[in-house]
Amino acid sequence: MKVSTPPRSPRALVATAAPNLRARAVAAVLALALLAGSSVLAAPASHAEPECPTALPVAAIEPGDLGYGLTVSRGTTPEPFDIEVVGILDNALAPGIPLIVIEATSPEIERVGGIWGGMSGSPVYIDDQLLGAVAYGFSFGPSKLGGVTPAAAMFQVPGRPTLPPVVTPTEVELPAELRSMAIADGVPRSAAGTMQPFDIPVRVSGPTGAKLDRFVARFEERFPGTRVVRGTGGAGAGPDSSGGTVMAPGGNLAVSLAFGDFSAVGVGTATYVCGETVIGFGHPMLYAGATRLGMHGASAVRIVDDSVFGPYKLANAGPLVGTIDNDRLAGVAGRLGVAPVTTAITSAITNLDDARTTTGRTDVVYPDDVAWPILAHGWTNLDLLVFDDPGVSGTSTVDWVIAGVRQDGSPWQLERQNRHADRVDLSTASLWEVAWYAELLRTNAYEDVRITVVDYVADVDTTYRSLELLGNAVRYEAPDGEVRDARGGIEVEPGATLRLLVPLREYRGEVRTVEVELEVPEDAAGFGELDIAGGASLGADGDLECLFYPEECGRPSVGSFATLLDTLASQPRSDTLVVTLRLYDEVWSSEDEPVGDSLAFDGPDPAPSSRTSVQLDEVVTGRTFIEVYTDLEPEPEPEPEPEPEPEPELEPEPEAERPEPERTVVPVEVAGVQVTRAPTVAATPTTTPRLQRTGSDALLLAILGSLAIGGGTTTLLADRRRRGGAS
């Protein structure tokens, strides 16, 4: 069918905020509802029931059908745009869910060159029936061609549709004729072959600079269908001052993860508003399935013409008007008038440099993340309002509380006091512990708990102060009272008190010595180490590796949420000097190295052998390890093996008698010198002829003769090397 329907005025709008006369009362009721976890928002001042269109069956759609759509380019009033159906891509989004390709035209679309980000969810009508929502476009550069998610699929979202499990389509392949149209419309040839969901512009307010860069990179990596738009200001919980925000088909629909001092709000378009039910976007925002997100109205500032990534809608989110409880393949859906349960992050920070106090609040709606909102809220207040500098060197003292509700409905609370110092980024150093602990509690392995409040109080100044541990100068008091250097190791006595003298250097100051006494357990045995550390060098997680790998620390597993609370509460502070004694089994190898990995303190309630801490007036940094051992008895010497009985001696055989040769002396005259030579003797082959000389000649001949016997010089040198002698 081909129906040319003239653009109609927008349908009746649903007022979602009270008039100004009731603004303060509604704001108070809403604030109390959020703090108490109430699920009901204050009733709007008026409630005009809109018409509820039916879904146009996809089978009734033909290429060339004409219709119109509604969207907002500025302010809050939906404006019409014309559409023409170009074609239908079967099973493009999921089995049984096609994508309807349209071409849209309007003065604003002509101005920016095509459909923009934030137009997702704009309803498209043919006659009196809802065709669906504009939801897909091209990745680079604007185009008048867009993809429409069918209304029939979107109507299933509020009722949790039984769609087959699919992965969110990152792109939809286009046939050749549609590629040609896209190229003719100005889409780069490299991008004209596919369509993908329009990016949801998520306006983030709060942190700036490198910290915002880190947040943006993490957010867009985790939620690839979003595009972070940086800005100031954010959505609020109370009604705005304009007299009311409306929610209507074609109107702005904002979905929040958090709002307040730190805001993260995605802006798109509402497709369907019927009674309390709102459906929008035509594709997922985070694809979180059954979820909890804030629903807001919004006022569009302008359609930003971005020639690189395509135009997008810049808008201010209005007050909270309901809850998005489904984030599905075909769109988002929720209910008007139902407030989401939030986590309230509140802070009061005093700058001791000028004695001014800054207070703030952020409400976190998204249930699967709390660490980043805590950091972002703190960065906003510390960097922008307290210091007006994102890289401050200084010192802080903090007192924070994390409170919530356990699985059985009972309340729980964790409170910590601490001190922090940093020469590069004091705000992050001061916030990391509370953010990390909140995430540990939210994701604990023992029961499903909810965090309702994170309250943070801090005193800060720009003077950096700390104490650095001088590990190479640690000394100890020996049993005889003598103070000795600990670098060579310490022998500890079971049941005794070990006294340590630990030197700490003030930052750009003097060295002070702290005396630490550590009780050695009565059953201490074996060898091990002293771990001497400043609390700040243990990190924000203290020694929480024992929480995750208790067997390596000789501790039992936490086992329950209550024990987890106690474990976190007892972690060392950053301004403490912590000394821990750990002993291992009394097992030695021949090289005096430990063998085996079991611990001497293993038992029904294993723990490090001993620990003590001394709280000081500044943050303590540095860490060192010192070998310790108890009075180990030497291994018994092995018993000597019995000597073998001597074998009986054999009688030597008598030697055969040899006849004595006759000797005669023959005088010989050589060079005028008369010498005497022994005549040749008829003897056995073992005899060696010798010249008899006197003085040095006789000695030289004797040495040369000995070298010639038994293999010569090489043999003698080899024998001496085997015996370790010098050559």
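Residues numbered from 1 in each chain as written. Predicted model: local features only at pLDDT ≥ 70, side-chain atom pairs only at ≥ 80, totals over all residues. Heavy atoms only, no water.

## Quick notes on the overall build of the chain
Link 1 in the chain: Check the secondary structure of the chain and you find 12 helices and 36 strands.
Link 2 in the chain: Considering the chain as a whole, with its 727 residues, one finds that 47% of them fall into the buried category.
Link 3 in the chain: Taking all contacts inside the chain whose residues are at least 6 apart in sequence as the whole, residues at least 24 apart take part in 73%.
Link 4 in the chain: In the form shown here, the chain has an accessible surface area of approximately 36100 Å², with 51% of it arising from carbon and sulfur atoms. (Helix = DSSP H or I, 4+ residues; strand = E, 2+ residues; numbered from the N terminus. Buried < 20%, exposed > 50% of the residue type's maximum accessible area, 1.4 Å probe, protein only. Contact = heavy atoms within 4.5 Å. Areas by Shrake-Rupley, 256 points an atom, 1.4 Å probe, with all protein chains shown as cover.)

## Structural notes on the pairing of strand β7 (residues 145-150)
Link 1 in the chain: Most of β7 is tucked away: 6 of the 6 residues are buried.
Link 2 in the chain: Burial of β7 is two-sided: the residues L145, G147 and T149 facing one way and the residues G146, V148 and P150 facing the other way are all buried.
Link 3 in the chain: Where strand β4 (residues 97-105) lies against β7, 4 bridges are found, and the strand directions are antiparallel. When the sheet's bridge partners are listed, I100 is paired in β7 with V148.
Link 4 in the chain: Sheet analysis places strand β6 (residues 129-137) next to β7, joined by 4 bridges and oriented antiparallel. Of the residues in β7, the one forming a bridge with Y136 is G147. (Pairing = 2+ DSSP bridges.)

## Some points on the sheet that holds strand β30 (residues 527-534)
Link 1 in the chain: Strand order across the open sheet formed by 5 strands is β27-β34-β30-β31-β32, with mixed pairing between neighbours. Here the strands that pair on one side only, and so sit at the sheet edges, are β27 (490-491) and β32 (610-615).
Link 2 in the chain: In this structure, β30 lies alongside strand β31 (residues 576-584), joined through 8 bridges in antiparallel fashion. In the sheet register, D531 faces β31, and the bridge partner there is T580.

## Here's the deal with the packing of helix α7 (residues 426-442) against helix α10 (residues 561-569)
Link 1 in the chain: α10 packs onto α7 with a crossing angle of 170° between their chain directions and a minimal axis gap of 11 Å. If you check the angle between α7 and α10, you find them roughly antiparallel. Residues Y437, L440 and L441 of α7 form the contact with α10, whose own contacting residues are F561, L564, L565 and L568.
Link 2 in the chain: The residue inventory of the contact of α7 with α10, partitioned by class, reads 7 nonpolar, no polar and no charged. (Axes fitted to C-alpha atoms, helices over the stretch in contact; angles between N-to-C directions. Parallel < 35°, antiparallel > 145°, perpendicular 65-115°, else oblique. Nonpolar A, V, L, I, M, F, W, Y, C, P; charged D, E, K, R; others polar.)

## Side note on the nonpolar core
What tends to happen in soluble globular proteins is that the nonpolar side chains get buried as a cluster.
Link 1 in the chain: By size, the foremost hydrophobic cluster in this structure holds 66 residues, and its most contacted members are M247, L253, L257, I402 and L441.
Link 2 in the chain: Ignoring anything within four residues of it in the chain, the contact list for L441 reads I402, W412, L414, V449, F561, L564, L565 and L568.
Link 3 in the chain: Among the nonpolar cores identified, the runner-up in size contains 27 residues, and L518, V520, L616 and I626 belong to it. (Core = buried A, V, L, I, M, F, W, Y, C linked by side-chain atoms within 4.5 Å.)

## Points about the state of the cysteines
Link 1 in the chain: Within this structure, the stated rule accounts for 1 disulfide.
Link 2 in the chain: One disulfide bridge connects C52 with C274, the sulfur atoms lying 1.7 Å from each other. Classification of the bridge connecting C52 and C274 rests on its S-S torsion, roughly 90°, and on that basis the disulfide is right-handed. Within this pair, whereas C52 is found in the loop between α1 (23-36) and β2 (66-71), its partner C274 is found in strand β14 (residues 263-274), the two being separated by 222 residues in sequence.
Link 3 in the chain: Assessed through its relative accessible area of 34%, C52 is described here as partly exposed. (Disulfide = S-S within 2.5 Å.)

## A look at the environment of D90
Link 1 in the chain: Relative to the helices and strands, D90 resides in strand β3 (residues 79-94).
Link 2 in the chain: A sequence separation of 10 residues divides D90 from I100, and the C-alpha atoms of the two residues are 8.6 Å apart.

## Here's the deal with the packing of aromatic side chains
Link 1 in the chain: Under the definition given, this model contains 6 aromatic pairs.
Link 2 in the chain: A ring pair is formed by W372 and W379, whose centres lie 5.8 Å apart and whose planes are at 70°; its orientation type is edge-to-face. Take W372 and W379: they sit in the same class, and that class is buried. (Phe/Tyr/Trp six-rings, centres within 6.5 Å; stacked < 30°, edge-to-face > 60°.)

## Concerning the packing of helix α6 (residues 371-386) against α7
Link 1 in the chain: As a packed pair, α6 and α7 sit with axes 9 Å apart at the nearest point and diverge in direction by 155°. The orientation of α6 with respect to α7, classified from their angle, is roughly antiparallel. Every pair of crossing elements has a handedness; the one defined by α6 and α7 is right-handed. In this structure, α6 contributes A371, I374, L375, G378, W379, L382 and D383 to the contact, and α7 contributes S427, T428, L431, W432, V434, A435, A438 and E439.
Link 2 in the chain: Taken together, the residues that form the contact of α6 with α7 break down as 10 nonpolar, 3 polar and 2 charged. (Left-handed = near helix turned anticlockwise from the far one by under 90°.)

## Quick word on the pattern of salt bridges
Link 1 in the chain: With the rule as written, the count across this model stands at 21 salt bridges.
Link 2 in the chain: Linking R573 and D575 is a salt bridge whose minimum nitrogen-to-oxygen distance equals 2.8 Å. Note on accessibility: R573 and D575 belong to one class, buried.
Link 3 in the chain: Each of E529, D531, R582 and R623 takes part in a single network of salt bridges with overlapping partners. (Salt bridge = Lys/Arg side-chain N within 4 Å of Asp/Glu carboxyl O.)

## Section: helix α5 (residues 209-222)
Link 1 in the chain: Relative to the 20 Å expected for 14 residues at 1.5 Å per residue, α5 spans 20 Å between its end C-alpha atoms, a close match to the ideal helical length.
Link 2 in the chain: Residues of α5 that are buried: K211, L212, F215, V216 and F219. Take α5 and look down its axis: the buried residues cluster within an arc of 135°, on one side only. Exposed side of α5, more than 90 degrees from the buried face: A210 and E221 are the residues found there. (Expected span 1.5 Å × (residues − 1). Arc of directions from axis to C-beta.)

## With respect to unusual backbone geometry
Link 1 in the chain: The residue N91 is not glycine, and still its phi comes out positive at about 55°.
Link 2 in the chain: As for its position among the elements, N91 is in strand β3.
Link 3 in the chain: Judged by relative accessible area, N91 falls into the exposed class, the value being 51%.

## Overview of the side chain of S143
Link 1 in the chain: By the secondary structure assignment, S143 is in the loop between β6 and β7.
Link 2 in the chain: A relative accessible area of 4% means that S143 is categorised as buried.
Link 3 in the chain: From its side chain, S143 meets the backbone nitrogen of L145 in a polar contact 3.1 Å long. (Polar contact = N/O pair within 3.5 Å; in protein donor to acceptor, adjacent residues only side chain to side chain.)

## What about the confidence of the model for the chain?
Link 1 in the chain: With 65% of its residues at a pLDDT of 70 or more, the chain has an overall mean of 75.
Link 2 in the chain: Note that residues 237-244 has pLDDT below 50 and, in this model, 21 contacts with residues that lie over four places away or in other chains.
Link 3 in the chain: Predicted confidence is poor over residues 586-608, with pLDDT under 50, and the contacts of this stretch with residues over four places away or in other chains come to 44 contacts. (pLDDT = per-residue confidence, 0-100.)

## Here's the deal with α10
The periodicity of an α-helix, 3.6 residues per turn, causes residues three or four positions apart to be oriented the same way.
Link 1 in the chain: What α10 keeps buried is the set F561, L564, L565, T567 and L568. Looking straight down α10, one finds that the buried residues subtend no more than 165° of arc, so they occupy a single side.

## Notes on the environment of A270
Link 1 in the chain: Among the secondary structure elements, A270 is positioned in strand β14.
Link 2 in the chain: In this structure, the C-alpha to C-alpha distance between A270 and G297, residues 27 residues apart in sequence, is 9.5 Å.
Link 3 in the chain: What A270 contacts, discounting residues up to four positions off in sequence, is G121, P123, M247, A248, P249, G250, G251, L253, V278, I279 and G280.

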